[in-house]
Amino acid sequence: MTPETTHTEPVTAETARLASLVASARYVLWDMDGPMCQLFAGYPAHQIAGELVVKIDQLGMGSLLTEQERSGNDPQDALRGVHERHRGSDLVLELEEWLTRRELTAVATAMPTPYVDPLIRTWSSYGVRFAITTNNAAVAALAYVESRQLTDCFPYVYGRTPNLDLMKPNPYCLEQAIKAMGAVPSATLMIGDTPTDLQAARQAGVAFLGYARNAEKQQTLKESGAEIIVDSMERVLKALPSLP
């Protein structure tokens, strides 16, 4: 066995597993921020997180946050923190609406994930049905796909609701999409980039494809139990010709 052969075999096996996963999917649930785009490419998430903490402080509620929530790079950390201690309050509704407006602002400078637009259009042309299942606001997801002229590919969009308990890893948005599409879970695939996406997919009984744009995300997904991970949507695009 040559060194070249040794190197090629695992790659071939991995490619075959990806092709099989793609071929078996008649319905695909997309997480938006990550697999489809970098939503906060021009309006960084850490900046929004800092602004949200300032807003919470100004409302006199800063003591509700832990140090980790105050210093986090994801604004949803602080939002969840307030929710955990004041479920169903007007404060949570106000903060969720505030974050939604920031996400809508971020859409204008969002950066598409490489190869994902042609992947979406080509895959959709095979008759595979799509939905977005995201922890971002649905209106932000709708605005993003409209900006990319992909609205026709995504007739179903499910995002964050005022009840933050329903955010992933809760499978609620996945189950809503599956029901709306009339999908069969065994023929459904979720594409996500976080452990919470994987957990939601497992609870909904659907297959999972991990997307990791860097080594850190890849390691996190592996440690969470993701079996098939791609670092580029080009790999998924190349797997499409194997569809029946």
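Below is a summary of the structure that appears in this document.

Quick notes on the rules
- Residues numbered from 1 in each chain as written.
- Predicted model: local features only at pLDDT ≥ 70, side-chain atom pairs only at ≥ 80, totals over all residues.
- Heavy atoms only, no water.
- Helix = DSSP H or I, 4+ residues; strand = E, 2+ residues; numbered from the N terminus.
- Rg over C-alpha atoms; globule rule 2.2 N^0.38 Å.
- Buried < 20%, exposed > 50% of the residue type's maximum accessible area, 1.4 Å probe, protein only.
- Contact = heavy atoms within 4.5 Å.
- Areas by Shrake-Rupley, 256 points an atom, 1.4 Å probe, with all protein chains shown as cover.
- Pairing = 2+ DSSP bridges.
- Right-handed = clockwise from strand over helix to strand, strands pointing away.

Attention now moves to the overall build of the chain. Scanning the chain for helices and strands turns up eleven helices and eight strands. A compact globule built from 244 residues should have a C-alpha radius of gyration of about 18 Å, and the chain, at 19 Å, falls within 12% of that. Over its C-alpha atoms, taken along the principal directions, the chain stretches across nearly 65 × 40 × 30 Å. Taken across its 244 residues, the chain has 46% of its residues classed as buried. Relative to all contacts within the chain whose residues are 6 or more apart in sequence, the contacts with residues 24 or more apart total 71%. Just so you have it, the chain exposes about 11500 Å², and 51% of that area is on carbon and sulfur atoms.

What follows concerns the pairing of strand 4 (residues 129-137). In summary, the side chains of a regular strand alternate between the two faces of the sheet. For strand 4, the buried fraction is high: eight of the nine residues fall into the buried class. Bridge count for strand 1 (residues 27-30) against strand 4 is four bridges, and the pairing is parallel. Bridge pairing in strand 4 links valine 28 to phenylalanine 130. For the crossover that starts at strand 4, traverses helix 7 (residues 138-147) and ends in the parallel strand 5 (residues 156-160), the hand is right-handed.

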